[in-house]
Amino acid sequence: MKRFIKHSGSRVTFLEGDALVYSGFTGKTHLVDANIVDVMALLSTTDPIEEADLFEQYCQNSTPEEKQLLTQYITDIIENLLALELISYA
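Residues numbered from 1 in each chain as written. Predicted model: local features only at pLDDT ≥ 70, side-chain atom pairs only at ≥ 80, totals over all residues. Heavy atoms only, no water.

Asker: So what about the side chain of serine 23? Which residues, and what values?
Answerer: Mapped onto the fold, serine 23 is located in the loop between strand E3 (18-22) and strand E4 (29-33). The buried category is assigned to serine 23, whose relative accessible area is 1%. (Helix = DSSP H or I, 4+ residues; strand = E, 2+ residues; numbered from the N terminus. Buried < 20%, exposed > 50% of the residue type's maximum accessible area, 1.4 Å probe, protein only.)

In structure tokens, the structure reads:
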């Protein structure tokens, strides 16, 4: 099972529908969709979370149809966060 952890030192500034995220890990700033910040809020810098638990927490009040769509959306967000080195596998 995949487990993820957030890199420490991240800072977020919100813009209209987007967010600027500074990574203390890489020293880079990224413009991201504000929804990415919601996923990052579920991640810890010290306690890894399993992928299934992340999906469950994010989709807890969703219908089965919404969960199916959100699962793919969250998978895409995770891939983006990994590519930007804002999170890593634990």
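On we go.
Asker: Go over helix H1 (residues 34-41), please, and point to the residues and values.
Answerer: Taken together, the buried positions of H1 are occupied by Ile36, Val37, Val39 and Met40. Down the axis of H1, the smallest arc covering the buried residues is 160 degrees, so these residues share one side. In this structure, the buried side of H1 is in contact with strand E1 (3-6), strand E2 (11-14), E3, E4, helix H2 (51-58) and helix H3 (64-83). Among the residues of H1, the N-terminal cap falls to aspartate 33, whose side-chain oxygen and the backbone nitrogen of asparagine 35 are separated by 2.8 Å. (Arc of directions from axis to C-beta. Contact = heavy atoms within 4.5 Å. Polar contact = N/O pair within 3.5 Å; in protein donor to acceptor, adjacent residues only side chain to side chain.)

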